[in-house]
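# Structural overview for review
Spelled out, the chains give:
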Amino acid sequence: MIMFKSMQREVSWDRCRFIVTIIARSFRDNSEIALTIPRNICIRNFSSQSHEIMKARKYVVVNHFVNEAKPTDLKLVEEELPPLQDGEYLAEAEYFSVDPYMRPYVRRYPLGITMLGTQIAKIVESKNPAFPVNKRIVGNMGWRTHTIVNPKFKDLVFQEHPYLLPDIGDLPSSLCLGILGMPGNTAYFGLLELCKPKSGETIVVSGAAGAIGSHVGQIAKNLGLNVIGICGSDEKCNWLIEEMGFDFAINYKTMPVASNLRKAAPQGVDCYFDNVGGDISSAVMYQMKPFGRVAVCGSISSYDADSSSLPKCTILQPILSKHELRVEGFLVTRWMNRWNEGIMQNLQWLREGKLRYRETETKGFENMFEAFIGMLRGENIGKAIVQA
Ligand SMILES: NC(=O)c1ccc[n+]([C@@H]2O[C@H](COP(=O)([O-])OP(=O)(O)OC[C@H]3O[C@@H](n4cnc5c(N)ncnc54)[C@H](OP(=O)(O)O)[C@@H]3O)[C@@H](O)[C@H]2O)c1
């Protein structure tokens, strides 16, 4: 009973019914039951003795992250998969995304969930004509090598269905985790809809050498803005200027942000695309022009803290009211109904040579954690991905 009460807070009745069915069938099949939670419910979690057993490997969250995530917070386990039922298909992961949101989001769910995340997977077996063998999907199935997907069910975090990879020709499928996926759409919609950039203006982008920041800066440059990036190494600064077309870059670890920003933008800043929060963002906002626009995309400088120990930073209200700044936070899911528009526009810009990308690729499913922590520590340039 306690279990069902807690589930009802998290999931709809339909999904509860699905979980109940799984549990009942698990009893019937005499298989392991680890369900006290609404785990990635598109994934069936029981075994049957009457078929050749397919095994998936997956990372289970065994401790909630405290401060910096530790490898022992996750456990790599094997799971037996049952035969496909009508409507289902089996997807084999090819690429995984490691993203900043994974660090704070995990805490929202009970221990025992499969580690959250998006993957590109190839369909290797199918009983669903809409998802045929050899097609690829983008789905939030978490850190797991093989998944039986029942397309009726949605993922835990975003409540979305996996979707077929768009037609991107001979471009690498991994781009659908980056420039042609969620981060690309975050850059596209966040910049255009909230910053409303205009030619001749000055924009500052923090987290500038990452997946979203490097993308935002390039779109802004194409629109005729003066683009200033803030990031965490000289190598990243050089890359932003030499390859991404930024006008100026500040290494926040070795250069004071405020004085360098005054040098780069003596007239002030019109737009700020904020990926990091904290004092970097306060320094930028104190140099914004009247009626400047700020898109708050993320605050990675706070992700290792819990809600009782959030970092303190310079108060913002004085400049917000004095310069009548417009500050708006957003989640990219706001534009779910325009998802394809973002992907197609970024694809067109990529093909026209107006956007460039870089991936920091880690090889091997067994190195997922290293890739994840490396991204949080700033070891990536561009999009951090893992090849299975
Ligand atoms: N609003 C949305 O819907 C949405 C969607 C996706 C992502 N996001 C947010 O967007 C931001 C960027 O995401 P991404 O996927 O493009 O990640 P990313 O920038 O590719 O990778 C994260 C980067 O954050 C930087 N960083 C880490 N700790 C930092 C700190 N204490 N201060 C400043 N920078 C720090 C590191 O670069 P340095 O070397 O520069 O430190 C690291 O490379 C994140 O805040 C993420 O949560 C929001």
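Residues numbered from 1 in each chain as written. Predicted model: local features only at pLDDT ≥ 70, side-chain atom pairs only at ≥ 80, totals over all residues.

### A look at the sheet that holds strand 9 (residues 226-231)
Pairing between the strands of a sheet comes from backbone hydrogen bonds, and it takes one of two forms, parallel or antiparallel. With parallel pairing, the six strands of this open sheet are ordered in space as 10-9-8-11-12-13. Where the open sheet ends on each side, the last strands, each with one partner, are strand 10 (248-251) and strand 13 (326-329). Along the sheet, successive strands turn relative to each other by an average axial angle of 15 degrees, direction set aside. In this structure, strand 11 (residues 269-274) lies alongside strand 12 (residues 288-296), joined through five bridges in parallel fashion. Within strand 12, the residue paired with F273 across the bridge is A295. (Pairing = 2+ DSSP bridges. Helix = DSSP H or I, 4+ residues; strand = E, 2+ residues; numbered from the N terminus. Axes fitted to C-alpha atoms, helices over the stretch in contact; angles between N-to-C directions.)

### Some points on the packing of helix 4 (residues 182-195) against helix 10 (residues 339-351)
Where helix 4 meets helix 10, the axes come as close as 9 Å, and the angle between the chain directions of the two elements is 95 degrees. One finds that helix 4 runs roughly perpendicular with respect to helix 10. Residues G184, N185, Y188 and F189 of helix 4 pack against W339, G342, I343, Q345 and N346 of helix 10. Each residue belonging to the contact of helix 4 with helix 10 can be placed in one class, and the counts come to four nonpolar, five polar and no charged. (Parallel < 35°, antiparallel > 145°, perpendicular 65-115°, else oblique. Contact = placed C-beta atoms within 7 Å. Nonpolar A, V, L, I, M, F, W, Y, C, P; charged D, E, K, R; others polar.)

### Some points on the pairing of strand 4 (residues 119-126)
Pairing of strand 3 (residues 89-97) with strand 4, which is carried by seven bridges, proceeds in the antiparallel orientation. Note that in strand 4 the partner of L90 across the bridge is E125. Note: strand 4 against strand 5 (residues 136-139), four bridges, orientation antiparallel. Residue pairing for strand 5: Q119 is matched across the bridge by G139.

### Details of helix 6 (residues 234-242)
For an α-helix, the turn length of 3.6 residues means that residues three or four places apart are oriented alike. All of the buried residues in helix 6 are K236, C237, W239 and L240. Here the buried residues of helix 6 occupy an arc of 165 degrees about the axis, which is enough to place them on one side. Along helix 6, exposed side chains directed more than 90 degrees from the buried face belong to E235 and E242. Packed against the buried residues of helix 6 are helix 5 (211-222), strand 9 and strand 10. (Buried ≥ 20, exposed ≤ 12 C-beta atoms within 10 Å, placed from the backbone. Arc of directions from axis to C-beta.)

### Comments concerning the site of the ligand
Taken together, 29 residues are adjacent to the ligand, and G210, I212, G232, G298 and G378 come closest. Of all elements in the fold, only helix 4, helix 5 and helix 11 (368-377) reach the threshold of two or more residues within the shell around the ligand. The element that contributes the greatest number of residues to the shell around the ligand is helix 5, accounting for three residues. Across the shell around the ligand, the residue classes tally to 16 nonpolar, 11 polar and two charged. No fewer than three residues from each of domain 1 (55-175 + 358-387) and domain 2 (182-351) sit in the shell around the ligand. (Near = placed C-beta within 6 Å. Domains from an automatic or database assignment.)

### Re the nonpolar core
L191, I203, V204, L240, Y272 and F273 are the most contacted members of the largest nonpolar core, which has 49 residues in total. Considering every element that reaches this core, the biggest residue donor is helix 4, with seven residues. With near-sequence residues (within four places) excluded, L191 lies in contact with P197, V216, I219, A220, F273 and A295. Counting residues in hydrophobic clusters, the runner-up holds 46 residues, among them Y59, L177, I343 and I385. (Core = buried A, V, L, I, M, F, W, Y, C linked by C-beta atoms within 7 Å.)

### With respect to unusual backbone geometry
The phi dihedral of K196 falls on the positive side, at around 45 degrees, and the residue is not glycine. Along the chain, the position of K196 falls in the loop between helix 4 and strand 8 (202-206). Positioned with a positive phi, E324 is a non-glycine residue whose angle comes to about 50 degrees.

### Observations regarding the pairing of strand 11
Within strand 11, six of the six residues are buried, leaving the element largely enclosed by the surrounding structure. For strand 8 and strand 11, the ladder comprises three bridges, and the chain directions are parallel. Bridged to V205 within strand 11 is F273. At this point the chain moves from strand 11, through helix 8 (residues 278-285), to the parallel strand 12, and the crossover so formed is right-handed. (Right-handed = clockwise from strand over helix to strand, strands pointing away.)

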